[in-house]
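Survey of secondary and tertiary structure
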Amino acid sequence: ITAEMLQSGEWKQANFKKYNFDALGIPPTGGHLHPLMKVREELRQIFFEMGFEEMPTNKYVESSFWNFDALFQPQQHPARDAHDTFFLKDPAISTQFPTEYLERVKEVHTNGGYGSIGYGYNWKIEEAQKLLLRTHTTAVSSFMLYNLARKKEFKPVKYFSIDRVFRNETVDATHLAEFNQVEGVIADKGLTLGDLIGFMETFFGKMGVKNLRFKPAYNPYTEPSMEIFSYHQGLGKWVEIGNSGMFRPEMLEPMGLDPEIRVIAWGLSLERPTMIKYGIDNIRELLGHKVNL
Ligand SMILES: COC[C@@H]1[C@H](c2ccc(C#Cc3ccccc3)cc2)[C@@H]2CN(C(=O)Nc3ccc(OC4CC4)cc3)C[C@@H](O)[C@@H](O)CN12
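Cut-off values and rules
Residues numbered from 1 in each chain as written. Predicted model: local features only at pLDDT ≥ 70, side-chain atom pairs only at ≥ 80, totals over all residues. Heavy atoms only, no water. Helix = DSSP H or I, 4+ residues; strand = E, 2+ residues; numbered from the N terminus. Rg over C-alpha atoms; globule rule 2.2 N^0.38 Å. Buried < 20%, exposed > 50% of the residue type's maximum accessible area, 1.4 Å probe, protein only. Contact = heavy atoms within 4.5 Å. Areas by Shrake-Rupley, 256 points an atom, 1.4 Å probe, with all protein chains shown as cover. Lys, Arg positive; Asp, Glu negative; His and termini not counted. Charge placed at Lys NZ, Arg CZ, Asp CG, Glu CD. Salt bridge = Lys/Arg side-chain N within 4 Å of Asp/Glu carboxyl O. Pairing = 2+ DSSP bridges. Near = heavy atom within 4 Å. Polar contact = N/O pair within 3.5 Å; in protein donor to acceptor, adjacent residues only side chain to side chain. 1 Å grid on protein atoms, 1.4 Å probe; cavity = no way out; pocket = protein on both sides within 12 Å on 5 of 7 lines; lining within 4 Å. Points joined across faces, edges and corners; volume = space filled by probe spheres on them. Nonpolar A, V, L, I, M, F, W, Y, C, P; charged D, E, K, R; others polar. Core = buried A, V, L, I, M, F, W, Y, C linked by side-chain atoms within 4.5 Å. Phe/Tyr/Trp six-rings, centres within 6.5 Å; stacked < 30°, edge-to-face > 60°. Lys NZ or Arg CZ within 6 Å of the ring centre and 35° of its normal. Expected span 1.5 Å × (residues − 1). Arc of directions from axis to C-beta.

What follows deals with the overall build of the protein. Check the secondary structure of the protein and you find nine helices and nine strands. The C-alpha radius of gyration computed for the protein amounts to 26 Å, which surpasses the reference 19 Å derived for 293 residues by more than 25%, pointing to a less compact arrangement than a globule. Counting all 293 residues of the protein, 42% fall into the buried class. Pairs at least 24 residues apart make up 70% of the contacts formed inside the protein by residues separated by at least 6 positions. Summing over all exposed atoms, the protein offers an accessible surface of approximately 16,700 Å²; the carbon and sulfur share of this is 55%. Of the charged side chains in the protein, 33 are positive and 37 negative, and the gap between their average positions amounts to 4 Å.

Structure (structure tokens):
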């Protein structure tokens, strides 16, 4: 039957075969996991088989206190500016913080302590109270380490998280205002930078990423810090695959952790490995259907 037949009325003379109501429909294509979720599952399995416990990251809104101050990130640091961070309007602040711990954080920023000279600026609680969309999952790591310090007996821990973080970035082909951060944290007595390097070899080795190179870097909350690189055969170039370091005493000791306890940590994104693995060159393809305008 055609549109012409309908228009001309010719369809009335035509004879059609009986409609076969038993005909099977076209089988619908099955659903499929989103590439990011596939890579997230792979990474979760790697962490689980290495004895890591998943951190509770189901809270996108954080206070500046846990996202920055607890990490010894100074209040005038550019990353804390509204052009890099999404601050909330309503509610704008939180006022629930552990009082003694907050005082020790204020002290270490202002006057130092634990062998540090601090930053020597006038730390303001109003700055720490500001609510924001977490800029890194390290905000959750700091909360977990604070809780670890309050346990009666210290035992070594291995925590990980894979979840969304938000940065007020200019959006382009490889950057969005949010991404999924992957973070690993290991706390134990006597850990060294060598342990961190060795662990990176094993962890990334399980992702099929070999012969790593480490480059000195800076993070406000880790000293020393290292960017991690690997030579990617496919792309024929060195690819930055993550960042890492040892959390500073100015972050750990105000929490009440014993000075012998060392915490090594590292992070990467979910988007980068997924884009490389699935040959996606525009990050927008990862987020919903491409709108062909
Ligand atoms: C605003 O950008 C941040 C994001 C994201 C990132 C960077 C740092 C951390 C961190 C951390 C950290 C450090 C110390 C202590 C605790 C956490 C987390 C995510 C990736 C981190 N990066 C990144 O994922 N690169 C990457 C990772 C895996 C990979 O696998 C492929 C199969 C071979 C390929 C590439 C490095 C770069 O892509 C970088 O340009 C972009 N980075």
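On to the pattern of salt bridges, then. The final tally for this structure, using the stated rule, is 11 salt bridges. Salt-bridge contacts for Arg80 lead to Asp69; the nearest nitrogen and oxygen are separated by 2.7 Å. In this pair, Arg80 is assigned in the loop between helix 3 (64-67) and helix 4 (99-110) and Asp69 in the loop between helix 3 and helix 4, connecting sequence segments 11 residues apart. Relative accessible area serves as the criterion here: at 5%, Arg80 is assigned to the buried category.

Right, let's talk about the sheet that holds strand 7 (residues 222-232) for a bit. Read from one edge of the open sheet, seven strands run 1-4-5-9-8-7-6, paired in mixed fashion. Of all strands in the sheet, those with a lone pairing partner are strand 1 (53-54) and strand 6 (212-219), marking the two edges.

With that out of the way, let us pick up the site of the ligand. Taken together, 22 residues are adjacent to the ligand, and Arg167, Glu240, Ile241, Ser269 and Arg272 come closest. With respect to the ligand, the backbone of Glu240 contributes an N or O atom lying 2.9 Å from a nitrogen atom. Ser269 is positioned with one of its backbone polar atoms (N or O) 2.8 Å from an oxygen atom of the ligand. Here the ligand has 850 Å² of accessible area as a free molecule, and 86% of this is covered by the chains. Those elements that place two or more of their residues in the shell around the ligand are strand 5 (178-189), strand 7, strand 8 (237-247), strand 9 (261-269) and helix 9 (271-277).

Next up on the list: the layout of surface pockets. For the second largest pocket, the calculated volume is near 160 Å³. Lining the second largest pocket, in full, are Glu223, Met246, Phe247, Arg248, Pro249, Leu252, Glu253, Leu257, Asp258, Pro259, Ile261 and Arg262. Here the lining of the second largest pocket is composed, by residue class, of seven nonpolar, no polar and five charged.

With that settled, the discussion passes to the nonpolar core. Soluble, globular proteins show a tendency: their nonpolar side chains are buried together. Judged by nonpolar contacts, the single largest core of 33 residues is most densely connected at Leu43, Phe52, Phe199, Met200, Phe203, Phe204 and Trp266. Among the secondary structure elements, those contributing two or more residues to this core are helix 2 (35-49), strand 4 (157-166), strand 5, helix 7 (193-205), strand 7, strand 8 and strand 9. Those residues within four positions of Met200 in sequence are excluded, and the remaining contacts are Gly205, Leu212, Phe214, Ile228 and Trp266. Residues Tyr101, Ala187, Met251 and Met255 belong to the second largest nonpolar core, which totals 31 residues.

The next subject is the packing of aromatic side chains. For the coordinates displayed, the defined rule picks out 23 aromatic pairs. The interplanar angle of 25 degrees and the centroid separation of 4.6 Å between the aromatic rings of Tyr101 and Tyr146 together place this pair among those described as stacked. Pair noted here: Tyr101 is in helix 4 and Tyr146 is in helix 6 (residues 138-149), with a separation of 45 residues, a long-range link. Judged by relative accessible area, Tyr101 falls into the buried class, the value being 1%. Consider the rings of Tyr221 and Phe247, whose centres lie 6.4 Å apart with planes at 50 degrees: the pair is tilted. With Tyr221 in the loop between strand 6 and strand 7 and Phe247 in strand 8, this pair connects stretches of sequence that are 26 residues apart. This pair shows no difference in class: Tyr221 is buried, exactly as Phe247 is. By the ring-pair criterion, three or more aromatic residues cluster together here, those being Phe47, Phe48, Phe52, Phe160, Phe199, Phe203, Phe204 and Trp266. Over the aromatic face of Phe87 sits the side chain of Lys130, whose NZ or CZ is 5.7 Å from the ring centroid.

Most of strand 9 sits out of view: eight of its nine residues are buried. Bridging between strand 8 and strand 9 involves four bridges; their strand directions are antiparallel. Within strand 9, the position partnered with Ser244 by the bridge is Trp266.

On to helix 4. End to end, helix 4 covers 16 Å across 12 residues, agreeing with the expected 16 Å (1.5 Å per residue, within 8%). Of all the positions in helix 4, only Tyr101, Leu102, Val105, Val108 and His109 are classed as buried. Across the axial projection of helix 4, the buried residues extend over an arc of 130 degrees, all falling on one side. Helix 4 presents Thr99 and Glu100 as exposed residues on the side facing more than 90 degrees away from its buried surface. Next to the buried residues of helix 4 lie helix 3, helix 5 (125-129), helix 6 and helix 8 (249-252).

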